Amino acid sequence: MKTLQHWFSRRGALPLTCYLVAVALWLVLGAVHWGSDALARSAGTMYEADIPVTEWQLAGITDAGSTAESAVLTTTDGDPQLILEDVSGMVVRTLSYTVTFEGDAREMCLYYTTKVGEDYSQDRRVFPQALGDGRYLYTLPRTTIVALRLDPCSPDENKTVQMTFAPGTITLNAADSLPAAWQYFVPSWYQAFCLVLYPALAAAALSWLRAVWRALRRKTA
């Protein structure tokens with residue numbers, strides 16, 4: 001107890017402690033995520049899967065002449081969808097594909113469900129990262145994924161969009177889209193911002209509570 005009192009009596013000890021705790025928690029979280037993915041790989045539930053576009057359930061889309069090398073699809077309404085109804089047997093971390101559009105694709109997003117029979121919701125959707133050369137990558141949250149619904153484009157009213165997937169597959173857990181071991185411990189820009197902001201806020205709150213506690217002790221003394 002005296003050691004702690006001596007430590008916190010030093011100038012700047014409280015914010016430094018908050019930052020050290022935040023870094024420690026971040027490293028533990030990274031280790032947990034790395035271990036979880038390693039176990040999933042060893043159990044055979046996290047693997048790369050190339051799923052032909054023609055095996056997805058099409059809604060608001062028609063096949064415009066797919067071949068073994070590419071899948072050509074044309075929208076038929078303003079809400080085209082590709083649905084994969086059951087992926088509960090595998091761990092899905094990413095989804096990626098390469099596509100070219102003839103027309104304005106506008107909003108592109110991927111919906112997911114976490115329970116059987118659950119409705120798709122805007123609260124459970126992710127947007128893609130454009131990697132260049134027509135390749136798009138969606139990174140899913142670390143949760144149970146039961147079904148996927150890809151909305152590859154949202155055409156303007158009374159307009160169509162033609163999409164050419166080459167090759168004609170959509171890939172789950174592409175090897176080059178998953179993090180290397182060291183990347184589990186490297187925060188994104190937003191995560192780095194949170195690691196800077198929240199320990200500072202916590203230190204400020206704790207400092208205020210300490211001042212209130214000391215004032216109350218003086219009044220009751």
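To be clear, the structure that these remarks concern was listed above.
Residues numbered from 1 in each chain as written. Predicted model: local features only at pLDDT ≥ 70, side-chain atom pairs only at ≥ 80, totals over all residues. Heavy atoms only, no water.

**Some remarks on the layout of surface pockets**
Quick reminder of the rule: The definitions used throughout rest on a 1 Å grid laid over the protein atoms alone, on which a cavity is an enclosed set of points accommodating a 1.4 Å probe that cannot get out and a pocket is an open set flanked by protein within 12 Å on both sides along at least five of seven lines; lining residues are those having an atom within 4 Å of a point. Grid points are joined across faces, edges and corners, and a volume is the space filled by probe spheres set on the points. Helix and strand definitions follow DSSP, with helices as H or I runs of at least four residues and strands as E runs of at least two, each counted in order from the N terminus. Residues were grouped as follows: Ala, Val, Leu, Ile, Met, Phe, Trp, Tyr, Cys and Pro as nonpolar; Asp, Glu, Lys and Arg as charged; and all remaining residues, including Gly, as polar.
Counted as a void, the largest pocket has a volume near 760 Å³. T139, P179, Q183, V186 and Q191 are, among the 22 residues lining the largest pocket, the residues nearest its centre. Listing elements by their share of the lining of the largest pocket, those giving two or more residues are α2 (13–43) and β10 (135–139). Tallying contributions element by element places α2 first for the lining of the largest pocket, with five residues. The residue inventory of the lining of the largest pocket, partitioned by class, reads ten nonpolar, nine polar and three charged.

**Brief notes about the packing of aromatic side chains**
Keep this limit in mind: Between the rings of Phe, Tyr and Trp (Trp by its six-membered ring), a pair exists once the centres lie within 6.5 Å; its type follows the angle of the planes, with under 30 degrees stacked, over 60 edge-to-face, and the other angles tilted.
Scanning the model with the defined rule gives four aromatic pairs in all. Here the aromatic residues Y97, F101, Y136, Y138 and F165 are joined through ring pairs into a cluster of three or more.

**A few points about the sheet that holds strand β7 (residues 109–113)**
Using the following cut-off: Should DSSP find at least two bridges between two strands, the strands are regarded as paired.
Within the open sheet, the five strands sit side by side as β2-β5-β11-β7-β8. Their pairing is antiparallel. The strands lining the two open edges of the sheet, one partner per strand, are β2 (57–59) and β8 (125–126). Of the strand pairs in this sheet, β7 and strand β11 (residues 147–151) are connected by five bridges, and their pairing is antiparallel. Following the sheet pairing, T113 is matched in β11 by A147.

**As for the environment of A203**
Using the following cut-off: In this description, contact between two residues means that some pair of their heavy atoms is separated by no more than 4.5 Å.
You can see A203 is positioned in helix α3 (residues 189–220). Taking the C-alpha atoms as reference, A203 lies 41 Å from E118; in sequence the two are 85 residues apart. Beyond its immediate sequence surroundings of up to four residues, A203 is in contact with L14, P15 and C18.

**Description of the side chain of S96**
Defined as follows: Think of a polar contact as two N or O atoms within 3.5 Å of one another; within protein, one of them needs to be a possible hydrogen donor and the other a possible acceptor, and neighboring residues in sequence only count if both atoms come from side chains.
In this structure, S96 sits in strand β6 (residues 94–102). Reaching out from S96, the side chain makes a polar contact with the side chain of R135 at a distance of 3.5 Å. In contact with S96, not counting residues within four places along its chain, are R135, Y136, L137, I170, T171 and A174.

**Side note on unusual backbone geometry**
It is generally the case that most residues other than glycine have a negative phi and that most peptide bonds are trans. So the rule is basically this: A 1.4 Å probe rolled over the protein chains alone gives each residue an accessible area, and that area as a share of the maximum for its type sets the label: buried under 20%, exposed over 50%, partly exposed in between.
The step from A166 to P167 runs through a cis peptide bond, and the omega angle for that step is -5°. Along the chain, P167 falls in the loop between β12 (162–165) and β13 (169–172). With a phi close to 55°, R106 is a non-glycine residue in the positive phi region. With a relative accessible area of 45%, R106 lands in the partly exposed category. Notably, N173 is not glycine yet its phi reads approximately 60°, a positive angle. Position of N173 relative to the elements: it lies in the loop between β13 and α3.

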